[in-house]
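If you want the building blocks of each chain, they are given just below.
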Amino acid sequence: MASGRLLPLLLGTLGALCYHKAYGISVKTDNQHVTAKEFQEAMLSCKYSAGKGIIPRVEWKKLTARDVSFVYYKGDLVGDLKGRAEMIDSSIRIRNVTRKDSARYRCEVSAPTEGRQNLAETIITLTVLVASAAPSCEVPSSAMSGTVVQLSCKENEGSPASEYKWYRNGVALLENTGTGSAKRGNISYTMNKKTGTLLFNTVSKKDTGEYYCEASNGIGLPQKCSVKRMQVDDLNISGIIAAVVVVALVMALCGLGVFYAQKKGYFSKESSSQKKSSDYKYTPSEKDFKHTKSFVI
């Protein structure tokens with residue numbers, strides 16, 4: 001009796017296992033993290049295995065922070081990869097990658113089964129390596145000794161991000177973070193190779209020179225900006241004092257001149273002359289009266 005009940009159960013279990021084997025799908029990739037230099041080729045590998053008699057559907061999607069888009073759909077390459085990639089079985093070979101291709105790609109393999117959709121997938125990350133571009137440098141043309149001066153260097157094209165090195169008169173400056181054991185007593189600046197800043201907390205005349213910056217990320221040759229000269233001069237205290245004294249003397253002489261003119265009455269004479277001129281009234285003479293009378297007649 002028990003054996004009669006056990007036999008159907010065993011047959012059902014065996015049938016379920018055979019069904020899973022027939023309709024199960026598995027997906028794998030040879031390389032989950034693909035790197036390629038810009039304008040070279042890259043292979044996005046996707047391999048699957050499916051049960052006998054199954055014709056699976058393969059789709060590829062590009063995953064970015066903004067959206068999800070198809071790159072292979074209904075048997076055709078679409079979107080960003082159309083015209084510059086090809087399918088090799090279920091894998092994608094991109095002939096000339098660009099920096100815009102850096103993203104995650106998902107290979108999806110699906111097949112309909114009785115009552116449900118069987119789906120398997122794998123994700124590949126593509127990183128496109130881009131060489132550094134010529135950086136933009138900001139170097140002040142002049143500075144006063146004892147002041148704080150910052151030089152900056154930046155470029156935004158390289159991937160991975162560039163690191164920076166500063167040169168003065170053609171000689172590379174040593175990196176100095178300004179903290180801990182990396183600080184060097186004889187160096188008057190702080191240089192950060194990650195941000196590209198060169199900071200002088202108290203610039204001096206010995207810092208005068210021609211400066212340029214170099215950017216590099218290990219992809220291609222290092223790139224540099226044009227050479228710019230920074231001239232550092234001491235603050236001329238004696239010149240400033242002399243200028244102040246001259247201005248004070250000029251103002252004192254002007255004041256004395258005005259005082260002397262008032263004392264001599266130059267301003268009062270001019271005022272009285274203007275007053276007499278304004279108080280004068282014209283009175284017609286007898287001659288003028290006769291002339292007017294004869295004119296009327």
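The structure this text deals with has already been given above.
Residues numbered from 1 in each chain as written. Predicted model: local features only at pLDDT ≥ 70, side-chain atom pairs only at ≥ 80, totals over all residues. Heavy atoms only, no water.

Student: Looking at this structure, how should I read the overall build of the protein?
Tutor: When helices and strands are tallied, the protein shows four helices and 21 strands. For the protein, with 297 residues in total, the buried portion stands at 30%. Here the protein displays about 20,100 Å² of accessible surface, and carbon together with sulfur accounts for 57% of that area. (Helix = DSSP H or I, 4+ residues; strand = E, 2+ residues; numbered from the N terminus. Buried < 20%, exposed > 50% of the residue type's maximum accessible area, 1.4 Å probe, protein only. Areas by Shrake-Rupley, 256 points an atom, 1.4 Å probe, with all protein chains shown as cover.)

Student: So what exactly am I meant to see when it comes to the sheet that holds strand 14 (residues 149–154) here?
Tutor: Picture the strands of a sheet paired through backbone hydrogen bonds; they go either parallel or antiparallel. Strands sit in the order 12-14-18-17 across an open sheet of four strands; the sheet is antiparallel. Strands at the two margins of the open sheet, each flanked by one partner only, are strand 12 (136–138) and strand 17 (189–192). Between one strand axis and the next, the sheet turns through 5° on average, direction left out of account. (Pairing = 2+ DSSP bridges. Axes fitted to C-alpha atoms, helices over the stretch in contact; angles between N-to-C directions.)

Student: How should the sheet that holds strand 3 (residues 42–44) be read in this particular structure?
Tutor: On the basis of which strands lie adjacent, the open sheet formed by three strands has the order 3-9-8 and antiparallel pairing. Strand pairing shows two members of the sheet lacking a second neighbour, strand 3 and strand 8 (85–88), which therefore form its edges. Neighbouring strand axes in the sheet, compared pairwise and without regard to direction, differ in orientation by 20° on average.

Student: How do you make sense of the pairing of strand 19 (residues 209–216) when you look at a structure like this?
Tutor: As a general feature of sheets, a regular strand has side chains that alternate between the two faces. Where strand 15 (residues 163–168) lies against strand 19, six bridges are found, and the strand directions are antiparallel. Bridge pairing in strand 19 places arginine 168 opposite tyrosine 211. Inspection of the sheet shows strand 19 paired to strand 21 (residues 228–233) by three bridges, in the antiparallel sense. Each bridged residue has a counterpart across the sheet, and for tyrosine 211 the counterpart in strand 21 is lysine 228. The antiparallel hairpin formed by strand 19 and strand 20 (residues 223–224) contains six residues in its connecting segment, where glycine 218 sits at a positive phi of about 85°.

Student: Whenever I open this one, the environment of alanine 111 confuses me. Can you help?
Tutor: Mapped onto the elements, alanine 111 comes out in strand 10 (residues 103–113). The class of alanine 111 is buried, set by a relative accessible area of 0%. For alanine 111 and glycine 24, which are 87 residues apart along the polypeptide, the C-alpha to C-alpha distance reads 8.9 Å. Among residues more than four places away in sequence, those in contact with alanine 111 are Ile25, Ile54, Pro56, Gln117 and Asn118. (Contact = heavy atoms within 4.5 Å.)

Student: So what exactly am I meant to see when it comes to the pattern of salt bridges here?
Tutor: Where charged atoms from two side chains of opposite charge approach closely, those side chains can pair. Within the structure shown, the criterion is met by 15 salt bridges. Arginine 99 serves as the salt-bridge partner of glutamate 157, at 2.4 Å between the closest nitrogen and oxygen. Residue glutamate 157 is found in the loop between strand 14 and strand 15, and its partner arginine 99 is found in the loop between strand 9 (91–94) and strand 10; the two are separated by 58 residues along the sequence. Across the pair glutamate 163 and lysine 194 runs a salt bridge, and its minimum N-O distance is 2.7 Å. Of this pair, glutamate 163 sits in strand 15 while lysine 194 sits in the loop between strand 17 and strand 18 (197–200), placing them 31 residues apart in sequence. What emerges from the salt-bridge pattern is a single network uniting Lys61, Arg106, Glu108 and Glu121. (Salt bridge = Lys/Arg side-chain N within 4 Å of Asp/Glu carboxyl O.)

Student: Please clarify how the side chain of serine 91 should be interpreted in this entry.
Tutor: Relative to the helices and strands, serine 91 is located in strand 9. At a separation of 2.9 Å, a polar atom in the side chain of serine 91 contacts the main-chain amide nitrogen of cysteine 46. Setting aside anything within four residues of it in sequence, one finds serine 91 in contact with Met43, Leu44, Ser45, Cys46, Trp60 and Glu86. (Polar contact = N/O pair within 3.5 Å; in protein donor to acceptor, adjacent residues only side chain to side chain.)

Student: Whenever I open this one, the packing of aromatic side chains confuses me. Can you help?
Tutor: When we look at a pair of aromatic rings, we describe it by the centre distance and by the angle of the planes. Applying the stated rule across the entire model yields four aromatic pairs. Centre to centre, the rings of tyrosine 189 and phenylalanine 200 are 6.1 Å apart; their planes meet at 65°, and the pair counts as edge-to-face. Of the two residues, tyrosine 189 sits in strand 17 while phenylalanine 200 sits in strand 18, which places them eleven residues apart along the sequence. Given a relative accessible area of 6%, tyrosine 189 falls into the buried group. Ring geometry for phenylalanine 200 versus tyrosine 211: centroids 6.3 Å apart, planes at 80°, classification edge-to-face. With phenylalanine 200 in strand 18 and tyrosine 211 in strand 19, the pair connects residues that are eleven residues apart, well separated along the chain. Comparing phenylalanine 200 with tyrosine 211, the two get one shared label, buried. Among the aromatic side chains, those forming a connected cluster through ring pairs are Tyr189, Phe200 and Tyr211. One Lys or Arg, lysine 224, reaches over the ring of tyrosine 212 and ends 4.8 Å from the middle of that ring. (Phe/Tyr/Trp six-rings, centres within 6.5 Å; stacked < 30°, edge-to-face > 60°. Lys NZ or Arg CZ within 6 Å of the ring centre and 35° of its normal.)

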